[in-house]
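Summary of the model geometry
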Amino acid sequence: MQERLPMEKDTRPCISWKLAEDFMTAAFVKLGLPKEDAKLCSDVLLESDRRGIESHGCNRFKPIYVDRIRAGILNPVTKIDILKETPTTAVLDANDGMGMVAAKKAMDLCISKARRYGMGMAAVRNSSHYGIAGYWTALAAKENMIGISGTNARPSIAPTFGVENMLGTNPLTFSLPTDEAFPFTLDCATSITQNGKIEYYARIGQDLPPGMVIGRDGTEQTDSRQILKDIRSQKAALAPLGGIGELLGGYKGYGYATVVEILSAALQSGLFLRDLDGKNEDGTIRPYHLGHFFLVIDTEAFLGAEAFKETAGTILRELRNSRKAPGQDRIYTAGEKEYEAWLSRKDKGIPLTGEVQKEFILIRDELELPQIRFPFE
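Residues numbered from 1 in each chain as written. Predicted model: local features only at pLDDT ≥ 70, side-chain atom pairs only at ≥ 80, totals over all residues. Heavy atoms only, no water.

1. Section: the overall build of the protein
- Broken down by element type, the protein carries 11 helices and 12 strands.
- Relative to the 2.2 N^0.38 estimate, which gives 21 Å for 377 residues, the radius of gyration of the protein is 21 Å and therefore close to what a compact globule would have.
- Projected onto its principal axes, the C-alpha positions of the protein cover 50 × 50 × 45 Å.
- Each of the 377 residues in the protein was classed as buried or not, and the buried ones make up 52%.
- If you sum the accessible surface of the protein, you get close to 17800 Å²; carbon and sulfur atoms cover 53% of it.
- Mean positive and mean negative side-chain charge positions of the protein (47 and 50 charges, respectively) differ by 2 Å. (Helix = DSSP H or I, 4+ residues; strand = E, 2+ residues; numbered from the N terminus. Rg over C-alpha atoms; globule rule 2.2 N^0.38 Å. Buried < 20%, exposed > 50% of the residue type's maximum accessible area, 1.4 Å probe, protein only. Areas by Shrake-Rupley, 256 points an atom, 1.4 Å probe, with all protein chains shown as cover. Lys, Arg positive; Asp, Glu negative; His and termini not counted. Charge placed at Lys NZ, Arg CZ, Asp CG, Glu CD.)

Written out as structure tokens, the structure reads:
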């Protein structure tokens, strides 16, 4: 259940899913990715938009992938080394290649091991941004298995009672198969908010609610436009889930973010905390060297997949049918809003902001892909 931004009336032009896939796949190939890897990376980005999670969809295509490949800090050809493997575990090195390709290899291994032994776990080091974590856990749910994944990221969260950017937004993500049309998927950061929400508030000229961001002087910050500048220069940090201090449980978010940091680094002897800032000592950029972990549990190894799915589905339905607060007409469970977003978007296509439209045209022209034409040109 990703954090969702307040919605304005959506008048953005849409492009078809096929056009978006054809364009990004062709662009990735031009940038040096093998075609199968290019298709996978495109699909991960599109899955985010299918679920209505625009913070990790097409708008990430240029700044997170295209620009980093061109800058030489992201390898388009992903060479994966298996450093150690047992019947139920594996440690992989992605050699600063595409995080999605490394994640797919890791999940395939986990699912195969879980099918044979009941459980499988893999850890990856020297990787890069792997898209929405829920993409990978959902692969397990499709096989009637439980999927769990997490990744560290460049420092942006301050620890409780601290002011320095130390932990990444570090999602801790679960997908559980159910007897409904969609799995239960909890996919959210361990920070109280994300940069996308701050950017939204800055765009509409509105202050951020208090308790979300702390400055180096220990004061809460609410000026959304100033916050964007200060976070980029590490003069401000996001609060962990629960907010600044302990009153509303900020120590819980801090603890979960730390769990993800440890599991994304200690199992595979990877980098962590400040070493994930993507900069050398002289300030020049370098690969981010991120770490991920994946755990898959086969429900069939317990009392059977069908029994698990029925119980899980019953729990979710009882939650949704429980007494609602005054003025509220629905209770949601994780994965439900994303499923409804797909039902709404599957025929309409992907809405693109003006900025993303310009980026698509620019990339198309720079990479000389004349076969691609966009309806908003």
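2. Focus: the sheet that holds strand β5 (residues 145–151)
- With mixed pairing, the seven strands of this open sheet are ordered in space as β2-β3-β4-β11-β5-β6-β7. Among the strands making up the open sheet, the edge pair consists of β2 (81–85) and β7 (184–186). With direction set aside, neighbouring strand axes in the sheet form an average angle of 15 degrees.
- With seven bridges connecting them, strand β4 (residues 119–127) and strand β11 (residues 290–298) associate as antiparallel partners. Within β11, the residue paired with Ser-127 across the bridge is Leu-290.
- Packing against the sheet, helix α5 (residues 133–141) makes contact with β5, β6 (172–176), β7 and β11, and its axis sits at approximately 30 degrees to β6. (Pairing = 2+ DSSP bridges. Axes fitted to C-alpha atoms, helices over the stretch in contact; angles between N-to-C directions. Contact = heavy atoms within 4.5 Å.)

3. Some remarks on the packing of aromatic side chains
- For the coordinates displayed, the defined rule picks out 13 aromatic pairs.
- Arranged with centres 5.6 Å apart and planes meeting at 65 degrees, the rings of Trp-17 and Trp-342 form a pair that is edge-to-face. Residue Trp-17 is located in helix α1 (residues 17–30), and its partner Trp-342 is located in helix α10 (residues 336–345); the two are separated by 325 residues in the primary sequence.
- Judged by its relative accessible area of 29%, Trp-342 falls in the partly exposed class.
- Relative to Tyr-65, the ring of Phe-28 has its centre 6.5 Å away and its plane inclined at 80 degrees; by these criteria the two rings are edge-to-face. (Phe/Tyr/Trp six-rings, centres within 6.5 Å; stacked < 30°, edge-to-face > 60°.)

4. Some remarks on α10
- Among all positions in α10, only Glu-336, Glu-338, Ala-341 and Arg-345 are buried.
- Buried residues along α10 sit in contact with α1, α2 (35–50), α9 (305–320) and β12 (350–351).

5. A word on a nonpolar patch on the surface
- A cluster of nonpolar side chains, contributed by Met-119, Phe-302 and Leu-303, occupies part of the molecular surface with about 380 Å² of accessible area.
- Looking at the secondary structure, you find Met-119 in strand β4.
- The exposure class of Met-119 is partly exposed, given its relative accessible area of 40%. (Patch = residues over 30% accessible without salt bridge, like charges linked within 9 Å, V, L, I, M, F, W, Y side chains within 5 Å. Salt bridge = Lys/Arg side-chain N within 4 Å of Asp/Glu carboxyl O.)

6. Notes on the pairing of strand β3 (residues 89–93)
- In terms of residue burial, β3 counts as a mostly covered element, since four of its five residues are buried.
- Looking at chain direction, β2 and β3 are connected through four bridges and run antiparallel. Of the residues in β3, the one forming a bridge with Asp-81 is Asp-93.
- The loop that links β2 with its antiparallel partner β3 comprises three residues.
- One crossover worth recording links β3 to the parallel β4 by way of helix α4 (residues 99–117), and it is right-handed. (Right-handed = clockwise from strand over helix to strand, strands pointing away.)

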